[in-house]
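Residues per chain are reported as follows:
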Amino acid sequence: MKHLILLGGGHAHVHVLKALAQEPLPSAQVTLVSPYARQIYSGMVPGLVAGHYMVDDCVIPLAPLAAQAKVTFVQSAATALDARTRTVSLSNGQSLHYDALSIDTGPVVDRHAIVGADEHALFVRPMEDFVVQWDDLFALTQQQVLSVVVVGGGAAGVELALAMQYRLGERARVSLVTGGPPPLPSHPVRVRSRALRALKRRGVTVLEDACTAITQNHVQLGRGMRLECDSAVLALGAAAPPWLQRSGLALDERGFVATGDSLQSTSHPEVFAVGDVASSASRPVPKSGVYAVRAGPPLALNLRRFVAAGELQPHRPQRVALNLLACGERRAIASWGPWSAEGRWVWWWKDRIDRAFVAGYR
Ligand SMILES: Cc1cc2nc3c(=O)[nH]c(=O)nc-3n(C[C@H](O)[C@H](O)[C@H](O)COP(=O)(O)OP(=O)(O)OC[C@H]3O[C@@H](n4cnc5c(N)ncnc54)[C@H](O)[C@@H]3O)c2cc1C
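Calculation rules
Residues numbered from 1 in each chain as written. Predicted model: local features only at pLDDT ≥ 70, side-chain atom pairs only at ≥ 80, totals over all residues. Heavy atoms only, no water. 1 Å grid on protein atoms, 1.4 Å probe; cavity = no way out; pocket = protein on both sides within 12 Å on 5 of 7 lines; lining within 4 Å. Points joined across faces, edges and corners; volume = space filled by probe spheres on them. Helix = DSSP H or I, 4+ residues; strand = E, 2+ residues; numbered from the N terminus. Nonpolar A, V, L, I, M, F, W, Y, C, P; charged D, E, K, R; others polar. Near = heavy atom within 4 Å. Polar contact = N/O pair within 3.5 Å; in protein donor to acceptor, adjacent residues only side chain to side chain. Buried < 20%, exposed > 50% of the residue type's maximum accessible area, 1.4 Å probe, protein only. Contact = heavy atoms within 4.5 Å. Pairing = 2+ DSSP bridges. Axes fitted to C-alpha atoms, helices over the stretch in contact; angles between N-to-C directions.

In this structure, the second largest pocket spans a volume of roughly 310 Å³. Lining the second largest pocket are 21 residues; nearest its centre among them are Ala 278, Ser 279, Ser 280, Val 285 and Lys 287. Looking at the lining of the second largest pocket, the elements with two or more residues in it are β20 (278-279) and α8 (289-294). Here the residues of the lining of the second largest pocket are counted per class, giving 11 nonpolar, five polar and five charged.

This is the structure:
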């Protein structure tokens, strides 16, 4: 019997688990490896920070999902992968051999990208740590007014800065350090203007500069400014997990797994990779949950066919995706290509989509 390992409980793998619960793989033993027994859905984290959700509203429990799919759940993290011997080493000391491997472990935040960050900053990933640290930070703001600096001008940084300023109100001064360009550099211009207006409305100070160092009480910016800071929150872009470096898998220039149209590694066909941990020269897509979700059905199909030695199907993701950006209060900005809209109704729409996504896996 073949052994298929699902590494990570990310957006695509929860779909694979659901598909396996509906139709088991007859000729394979399947193992899910993930460090936490639940998956916090990132799309709802800004709403959690803003106080619209409890953490339980935002989680997909992995263990019951695996049990329904008759998949063995190992609560641990991959620390090394040897593609030559087909072995995954885990943080609990176990080594697992596979015939087929699917990687959906998401990105990591580079804790050493900014001097002092590892020691003094809060990181948005792993999200399990972030939600605990956010609770602690919230509790601290009930005792004293704090200066909070969110570092990262992408969607996560903008949403978190808005959510924090909304939730903390007079209890904090929130700044957003973008890294240099204006916030949301890869979004359409009208979305950027809408987000800038939202940041202004909420009173978030936007600093278009790079953060070069973080100390216990300050954030140092590239052009010389030194910001007072009680808590720095790092929402930097996606970095590749370091354990891939020596795996022997073909990686792109940033260290993500190079994959082809069938979602297989370009060097090792028995290895599949999807979501933020994967990259593709022929179908480049942004690193985002939407694209990770979309990879779920073709991945489930191709894993099934691979195990049965069938013909794999190419996955060609749509170039355009619906983008929904939470604005702290119950408002959101929607965009689809160049079209955009905003308001309370967009928040209501986003809330419906997000709750339905999580509910679909419970
Ligand atoms: C605050 C915030 C808000 C966001 N909002 C949105 C949004 O609204 N829309 C959107 O499209 N994108 C959003 N994103 C981006 C989105 O989170 C990512 O693009 C998405 O999570 C990628 O999905 P994934 O399946 O690749 O990985 P993930 O969702 O990160 O899942 C990875 C899984 O692998 C597990 N794992 C990690 N390391 C290991 C290991 N070594 N071994 C085994 N398992 C491991 C993790 O615990 C997790 O279960 C947001 C990001 C943040 C930080």
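Next comes the rest of the account.
Neighbouring the ligand are 31 residues; Gln 39, Ser 42, Asp 104, Arg 125 and Asp 276 lie closest to it. At a separation of 3.2 Å, an oxygen atom of the ligand approaches a polar backbone atom of Gly 9. Between Trp 243 and the ligand, the recorded distance is 3.4 Å, taken from a side-chain N or O atom to a nitrogen atom. Contributions of two or more residues to the shell around the ligand are made by β2 (28-34), α6 (155-168) and α8.

Another aspect to go through is the side chain of Thr 259. Position of Thr 259 relative to the elements: it lies in the loop between β18 (257-258) and β19 (271-273). Here Thr 259 falls in the buried class, since its relative accessible area comes to 4%. When near neighbours in sequence (up to four residues on either side) are disregarded, Thr 259 contacts Gln 264, Ser 265, Thr 266, Ala 273, Ala 278, Ser 279, Ser 280, Ala 281 and Arg 283.

It is worth spelling out the sheet that holds strand β6 (residues 78-82) at this point. Pairing is antiparallel in the open sheet, where three strands are placed in the order β6-β7-β8. Each of the sheet's edge strands pairs with one partner strand only, and the pair in question is β6 and β8 (95-97). Across the sheet, the mean angle separating the axes of adjacent strands is 20° when strand polarity is ignored. Here three bridges tie strand β7 (residues 87-90) to β8, and the two strands are oriented antiparallel to one another. Looking at β8, one finds that Ser 89 is bridged to Ser 95.

Here the focus is unusual backbone geometry. Leaving glycine aside, a negative phi is the common case for residues, and trans is the common case for peptide bonds. Note that the residue after Arg 125, namely Pro 126, is joined by a cis bond; omega there is -5°. With respect to the helices and strands, Pro 126 occurs in the loop between β10 (121-123) and α5 (127-141). For Leu 263, which is not glycine, the phi dihedral falls at a positive 75°. One non-glycine residue with positive phi stands out, namely Ala 309, at about 55°. In this structure, Ala 309 sits in the loop between α9 (296-307) and β21 (322-326).

Without other data, these values stay purely geometric and don't point to any function.
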